[in-house]
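# Chain and residue survey
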Amino acid sequence: MTTENTNKKSLNHKDFEKGFSIVEMLVSMVIFLIVVGSIYGLLTVGRVARNRSSQKTDVLKNARAAIHLIGRDALNAGLGYHQSGALVPDNFISDRLGIPEDTDTTRDILTSIIPGNNIFSNNLQEGKTDIVAFAYRDLDFNDGNAITLANAIAGSDSSVVRLELGTNATTRDLTKHDLVLVEADTTQVAIMVTEVIDNKNIDFAPTDPLGINQALDAQDTNRSLLKKCSDSVPDNCTTVVSSLKRFFWVSYKIKDDGTLVRISYANNTGQPGDEQIQERPLAYNVKDLQLTYVLENGTVTDNPVAGPDGVAGTADDTPNYSNLIRQITISLEVQSTERDEQTGKPVSIKLSGTFSTRNLEYDVG
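## Description of the overall build of the chain
- Per the secondary structure count, the chain includes 4 helices and 17 strands.
- Within the chain, the proportion of its 365 residues that are buried is 44%.
- Put simply, of all contacts in the chain between residues at least 6 apart along the chain, 62% involve residues at least 24 apart.
- Within the structure as shown, the chain displays about 18800 Å² of accessible surface, and the carbon and sulfur contribution to it stands at 52%.

Below, the structure written as C-alpha cells:
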C-alpha cells in the first residue's frame, strides 16, 4: 500500500471521529430548553385551567342547589295559608329574623313572604346581605283538611289557651311544638302547640320556644286574641274560632362565616323546645345574598315593606305590601375555598334565578 493511500485512509478515519463544537452544544441546549419550557408551560396552563374549572364546578353546584331550594319555598309561599297573613305578638318577627323593629306597639303580621334588606354582615365581604322568610300550609297535615274548632277556653291555668275541637274532629295529626294557624271570626292567629291533652283538646301556653303565644289573662295587645269577647273584654278578642291548620315557616340568611342556612321554625317533631329553631347549611363560602321583588303593579324594589322613605323600621313602613309580591329574583355570589394559582384570589361566581309567587295572587286561605 502506498504512503498516499495510507494518509487518505487516516484522514477519512479522523473525519468520522469529529464531534460537536461548543457553539453547537450551546445552541442545542437552548433549543432543548425552549422546547421543554414550552411543554411545561402548556402543561401548567392546562393544570391551572383544570383546577379553575373544577373550582368553578364546585361553586356552581353549591350556588345552583341553594337557589333551587330558596326558589322552591318562594313558589310555595302563601300556599293554603291566608292572603292577609296571621297576627303574632309585637316585634315577634324582628326578634326571630333580626330585621328592624317597627315603630308601633300593635301586633305584627306574619305574611307569606317577609323580606329583610341588607341585614347581616359576614367575613367574606364588606357589604351586608339579605334575609327572606316564607310561610305556607302543610298540605299533608290531616289529609289536607283543616281541623274544625268548637271553643276557646282557659287551659291548665289562666294564662293558657285551650282549644276544643269540633264534632268528628281529632288531634291525631297534631304534636307538641306544631306551628298552627287558627282562623277566627275576625282574624287569623299564628300560635304553637305546647300540649296535646287528648284527642279533643289542645293547649297553647305563653312559654312556647318561639315566643309566639300570648297569655289568655294578659291585657290589651299582650293578651291572646283567642280570648272570648264580652262586655268587659270588647277588644283584642274573638267570639268564634272556626278552624286550625298547620303551616311551615322558614327563612334563609348568610351567617358570619359565609354559610348559607335554611332555618325552620317549629314543627320539629320529637325535638325538645330548645331545638325548635333548626339551621340547615345549604352552601359554604357564600359572599352575598340579594333579593329583589316585583310587586303587583310592576314596581321593582329591594324591600317592599320599607315604605316611601326606603328605610325599614320607620313610621311609614308598609308590611302588608309583602302580599303584593309577584316575583322574586334571588342573586347569590359564592367563592371557592381555594385560591386561584394565577391570581392568588378565590374564584367567585354570581348566579341568579327568578321565581313566581303564584300562590300569593289567588290563594285566599
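## Things to note about the state of the cysteines
- Counted under the stated rule, the structure contains 1 disulfide.
- The side chain of Cys-229 participates in a disulfide bridge whose partner is Cys-237; the two sulfur atoms lie 2.0 Å from each other. Looking down the S-S bond of the Cys-229 and Cys-237 bridge, the torsion is 100 degrees, so its handedness is right-handed.

## Quick notes on the layout of surface pockets
- As a volume, the largest pocket reaches approximately 460 Å³.
- Along the wall of the largest pocket there are 28 residues; nearest its centre are Asp-102, Asp-108, Val-305, Asp-317 and Pro-319.
- When contributions to the lining of the largest pocket are tallied by element, the ones reaching two or more residues are α3 (92-97), β2 (108-110) and β3 (113-122).
- Residue contributions to the lining of the largest pocket peak at 5 residues, all from β3.
- For the lining of the largest pocket, the per-class residue count stands at 12 nonpolar, 10 polar and 6 charged.

## A closer look at the packing of aromatic side chains
- Taken as a whole and assessed by the stated rule, the structure comprises 5 aromatic pairs.
- Between the aromatic rings of Tyr-136 and Phe-248, the centroid separation amounts to 5.6 Å while the plane-to-plane angle is 55 degrees, which identifies the pairing as tilted. Here Tyr-136, found in strand β4 (residues 125-137), pairs with Phe-248, found in strand β11 (residues 241-254); they are 112 residues apart in sequence, far enough to count as distant.
- A residue is classified by how much of its surface remains accessible, and Tyr-136, at 9% relative accessible area, is buried.

## Some thoughts on the pairing of strand β9 (residues 195-198)
- Looking at chain direction, β9 and strand β10 (residues 201-204) are connected through 3 bridges and run antiparallel. Looking at the pairing, Glu-195 lines up with Asp-203 of β10.
- If you look at the hairpin formed by β9 and β10, you'll find 2 residues sitting between the two strands.

## Looking at the side chain of Thr-259
- The residue Thr-259 is located in the loop between β11 and β12 (260-265) in this model.
- At 3.0 Å, the side chain of Thr-259 and the side chain of Asp-257 are in polar contact.
- Other than its neighbours up to four places away in sequence, Thr-259 contacts Lys-253, Ile-254, Pro-281, Ala-283 and Tyr-284.

Each value, and the rule that gives it
Residues numbered from 1 in each chain as written. Predicted model: local features only at pLDDT ≥ 70, side-chain atom pairs only at ≥ 80, totals over all residues. Heavy atoms only, no water. Helix = DSSP H or I, 4+ residues; strand = E, 2+ residues; numbered from the N terminus. Buried < 20%, exposed > 50% of the residue type's maximum accessible area, 1.4 Å probe, protein only. Contact = heavy atoms within 4.5 Å. Areas by Shrake-Rupley, 256 points an atom, 1.4 Å probe, with all protein chains shown as cover. Disulfide = S-S within 2.5 Å. 1 Å grid on protein atoms, 1.4 Å probe; cavity = no way out; pocket = protein on both sides within 12 Å on 5 of 7 lines; lining within 4 Å. Points joined across faces, edges and corners; volume = space filled by probe spheres on them. Nonpolar A, V, L, I, M, F, W, Y, C, P; charged D, E, K, R; others polar. Phe/Tyr/Trp six-rings, centres within 6.5 Å; stacked < 30°, edge-to-face > 60°. Pairing = 2+ DSSP bridges. Polar contact = N/O pair within 3.5 Å; in protein donor to acceptor, adjacent residues only side chain to side chain.

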